[in-house]
Amino acid sequence: MADTPSVGDAPGAEDDTDLGVLYGTLRGSVVGLRYYTGIVNNNEMVALQREPNNPYDKNAVKVNNVNGDQVGHIKKELAAALAGIMDNKLALVEGVVPYGAKNVFTMPVQMSFWGKEENKEAVLDQLKRHGFKLAPPLKGSECGFGSKWISGKAGPSYRAPFHAPVQLTPEQLISEFDKLFEDLKEDDKTREMEGAEALGTLLLPHQKQALAWMVSRENRNNLPPFWEERGGFYYNTLTNFAEKMRPQDVPGGILADDMGLGKTLTTIALILTNFQDGKPLPVGKITSERFRQESGTNSTSNVGRGLCEDSGKVMGPGASGIKKFDTTPLKTSSCLPKRGKAKKRRHSGSGSSGQPGERPLRQAGTASCVEEDTGFASVLFPSSACLKRQTKRKVTATAENNCSVDVPRATLIVCPLSVLSNWIDQFNQHVHRDFHVNIYVYYGSDRNKDPSVLAEQDVVLTTYSILATDYGIRDGSPLHKVRWLRIVLDEGHTIRNPGAQQTRAALSLEGRRRWVLTGTPIQNSVKDLWSLISFLKLKPFSDQEWWRRTIQRPVVLGAPGGLGRLQCLIRSITLRRTKTSKVKGKPVLELPERKVLIQHVTLTEEERRIYESVKKEGKAAVSRFLSEGTVLAHYADVLGVLLRLRQLCCHPRLCIDTASGLSADNKTPEELRETLVSKMKLVLSSGSDEECAVCLESLTCPVITRCAHVFCKPCIFEVIRGEQPKAKCPLCRNELRAEDLVQCPQEEETDPSDGKKSDQEWTPSSKINALMHALIELQRDDPTAKCLVVSQFTAFLSLIENPLKESGIAFTRLDGSMAQKKRAEAVQCFQSSRAGSPTVMLLSLKAGGVGLNLTAASRVFLMDPAWNPAAEEQCFDRCHRLGQNRGVVITKFIVKDSVEENMLRIQNKKRELAAGAFATTKPSAKEVKQTKINEIKALIDV
DNA sequence: ACCGCCGGGTGCC
DNA sequence: ACCGCCGGGTGCC
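Residues numbered from 1 in each chain as written. Chains lettered and ligands numbered in written order. Predicted model: local features only at pLDDT ≥ 70, side-chain atom pairs only at ≥ 80, totals over all residues. Heavy atoms only, no water.

- Going by an unreviewed UniProt entry, chain A carries the name Helicase-like transcription factor and comes from Columba livia.
- Checking UniProt for chain A, the heading Subcellular location (unreviewed entry) contains the comment "Nucleus". (UniProt positions renumbered as here; feature names shortened; annotations may be inferred.)

Details of the packing of helix H1 (residues 76–87) against helix H2 (residues 120–129)
Packed helices, taken two at a time, are described by the angle between their axes plus the distance between the axes.
Part 1 of the argument: Where H1 meets H2, the axes come as close as 8 Å, and the angle between the chain directions of the two elements is 155 degrees. By the angle between their axes, H1 is roughly antiparallel relative to H2. Our pair here, H1 against H2, has a crossing hand that is right-handed. Each of Ala-80, Ala-81, Leu-82, Gly-84 and Ile-85 in H1 lies in contact with H2, whose residues at this interface are Val-123, Gln-126 and Leu-127.
Part 2 of the argument: By residue class, the composition of the contact of H1 with H2 is six nonpolar, two polar and no charged. (Axes fitted to C-alpha atoms, helices over the stretch in contact; angles between N-to-C directions. Helix = DSSP H or I, 4+ residues; strand = E, 2+ residues; numbered from the N terminus. Parallel < 35°, antiparallel > 145°, perpendicular 65-115°, else oblique. Left-handed = near helix turned anticlockwise from the far one by under 90°. Contact = heavy atoms within 4.5 Å. Nonpolar A, V, L, I, M, F, W, Y, C, P; charged D, E, K, R; others polar.)

Thoughts on the pairing of strand E3 (residues 61–64)
Part 1 of the argument: By the alternation rule, side chains of E3 split into Val-61 and Val-63 and Lys-62 and Asn-64, which are all buried.
Part 2 of the argument: Two elements, strand E2 (residues 44–50) and E3, share four bridges in a ladder whose sense is antiparallel. Looking across to E3, one finds that Ala-47 is bridged to Asn-64.
Part 3 of the argument: Taken together, the three bridges between E3 and strand E4 (residues 70–74) define a ladder with antiparallel strand orientation. Pairing of Lys-62 across the sheet is with His-73, part of E4.
Part 4 of the argument: The antiparallel pairing of E3 with E4 creates a hairpin that spans five residues between the two strands, and Gly-68 there sits at a positive phi of about 90 degrees. (Buried < 20%, exposed > 50% of the residue type's maximum accessible area, 1.4 Å probe, protein only. Pairing = 2+ DSSP bridges.)

So, the sheet that holds strand E26 (residues 786–791)
Part 1 of the argument: The strand order across the open sheet built from six strands is E22-E30-E29-E26-E28-E27, with neighbouring strands paired in parallel fashion. Edge positions in the open sheet fall to strand E22 (594–601) and strand E27 (811–814), since each of these has one partner strand only. Strand-to-strand twist across the sheet, computed as the mean angle between neighbouring axes with direction ignored, equals 20 degrees.

Let's talk about the packing of helix H24 (residues 766–781) against helix H25 (residues 794–806)
Part 1 of the argument: Two numbers describe how H24 lies on H25: the axes approach to 11 Å, and their chain directions differ by 50 degrees. Of the possible angle classes, the one that applies to H24 and H25 is oblique. As H24 packs across H25, the resulting crossing turns out to be right-handed. When H24 is examined against H25, the residues Lys-767, Ile-768, Leu-771, Met-772 and Leu-775 are found in contact with a partner set consisting of Phe-796, Leu-799, Ile-800, Pro-803 and Leu-804.
Part 2 of the argument: Grouping the constituent residues of the contact of H24 with H25 by class yields nine nonpolar, no polar and one charged.

Examining helix H11 (residues 417–430)
Part 1 of the argument: The first and last C-alpha atoms of H11 sit 21 Å apart over 14 residues, in line with the 20 Å expected at 1.5 Å per residue.
Part 2 of the argument: Extensive coverage of H11 is indicated by the burial of eleven of its 14 residues.
Part 3 of the argument: If you check which residues of H11 are buried, you get Val-419, Leu-420, Ser-421, Asn-422, Trp-423, Ile-424, Asp-425, Gln-426, Phe-427, Asn-428 and His-430. (Expected span 1.5 Å × (residues − 1).)

This is the structure in structure tokens:
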């Protein structure tokens, strides 16, 4: 079964083929040049933009150059023809100005019309009504790609090999993509650099390379790709745009190393090492004496301005905004020795304590000249502009150089909630103990929304959801009022959907140095890259039109040089190493061996009896759906059958509720609602790793449609809003109405009740026996060995607690329902090497994110197979990663003659498929459906 | 001349 | 715009 029920045509996920076909071209004229400042070169691309509110002509169409400066208008007769086409989105109309650089009043424009095949007639008709007729595409040049791209004289920054002008086959396209990251031999990517003194951890060679690369990208000022200097002008070879001002390369980029290579550590190194001009962040060096003094007083001149909680004591009022995180492992976990490293600061409000101007420890290293950005805009801090100026004077006065420019100090790190605590842990681990880094965790309902507080931190950590939530607030988001020194998006592919609020929020953050960390640089298509490129503010791609015309379309249409461009672009801004990459001939990571064993489990007669009876019933139902051809309509029911079988393989107790009546449709609204809720719960609890087909992320705030498909609430509302008045389900095209959506009732805490139940009448199962047998043997052979016991069913984990208690095995637990604080505690506890620390962690398969570090474990017991082999792999990697120094043995328990064995077979098939992964075109809806049906058949032995 | 022609004023949408 | 268009001035040869 697929990870997701999604099929091809979800809105917002329309793939690259939706760029359309070329209807034809038309020559027109641009008028009114003398009234506007926008200038164009010969053969320069221009954008056509509707201007419906123009007081003289509601059909008006503006013509803008690549920079967005208006050049003129389309002549009114032509505009009258274009207006309808553009307003109804029947075609994309793109212009190139063949000549006219010197024209004063009017100039010609060559237009290309692109759209869906089915709209072609309408477009031709509309043009005809106004007396226009499209001509075939011009040979060779233009037709929307820019004139020079075949000629190959596009300049030194763009040295794509000349390709024969044929469209690449999908296979060729795939292999071309594989080459995107191949070339790592460039000098600037192999130079190494040591971290600053404040970094307490030695970097591995490949991390030193990454640091050197990142620092050099932040400090130097090369021209961005596809720009060159020509006669005092800077010239863009893709669009033929030129301007006097030197375009800036991103002082940042994409760090796309495989997970486990230390992106987090490298980023921390960057923060500490490169404040400005290659100088380290002026963090206070604290002698232990002074350190003690500071923590003991509330003196206003301390770095923490009396707000530090160095002693680990939970601080007073007004700071509950970060309460959640005050008790992160460092501070509260009793399993932990206290370490004086990164300190989180609390603030009791803006400037209410201490003089904002006083930052004695910082001043030592502050200043020398900087980026041409000017200082704090008082606009940004209307209420404290005055204080800010004071600050500025003071800093200036003590600056080493006579530079009066304020440098933003704070680095903003945005990450998924699941890795937030990992960042904190990593700062704790890697900041040298003699240094003091201020970290503010901007999270929680009463987070401090004073931008000036954020601005004076060294690091502000927040999540994508907070970023997106704040973005919508009335007075504006504090995160968006700060000019950051640096912005880091962790798991940056989170923003691949351009429509998502969090993407828009991320794109509008202010700060020059911009970094994207991701282990999955290109997941599905070229299109997914746009948000990332746009975030990086790489001229001119931040505007989707230029991205589409110069990169996306040429690549997708297999136009000559298209891939070369993409490669050039990606290479110039990305560093990517895989686990198998080599540094100086040695593998980047030398991980200990990893073995996966499959241990078969035989059910007892009683268990088998129950299993077979449930299977018989389920098989009958599924066979009926199959013969009626309604399997997919009953998707949730089928999942339910499979779920029950999988649960029975673990423990009969897991499937007691059931009876999700295989439904008839004549129900009262209330009944319908209940059915939908129970179906949704099935989908969510089935561990089938469902994703929202709109945003392609895992479901946040799930809602179910009347047609029983599950999406994120914000996503589906966006669809409804966008498709008014008649929205359709992105998955099945059934009618979709906001009022029919059913939300998942507040997550009931299922665990406690499970636990209680099990106290009374707990019995083992074959699988539990197999596990315990293995655990006890392991404890006998190697008492210090720690292991992960992993299941998709938290109720199963609860059951397993019983025999663990009985056998006196110390364990801890980590599952998705736990609060951030609890999780962090569990991890710290488990990772501790103290005698008596837990040797077993009960782990739900999907708990935690990629950052979760459980290297204390060298054994993994996977209690039940996952649908998605990648989910299992990710889970294994939590202990088989950097920092693991033992061999890792993984044991998968698989019940003989059961759905689990069938799942293994399907997993293998999926692995084969994933090996040839990079899908340039999504499989058709039909193919997806057939695959699903086949999988269902295979799983249930029909 | 209810025309033609001339030449100045003027000019996007 | 070294155009077109507008509208006022003008009017045999």
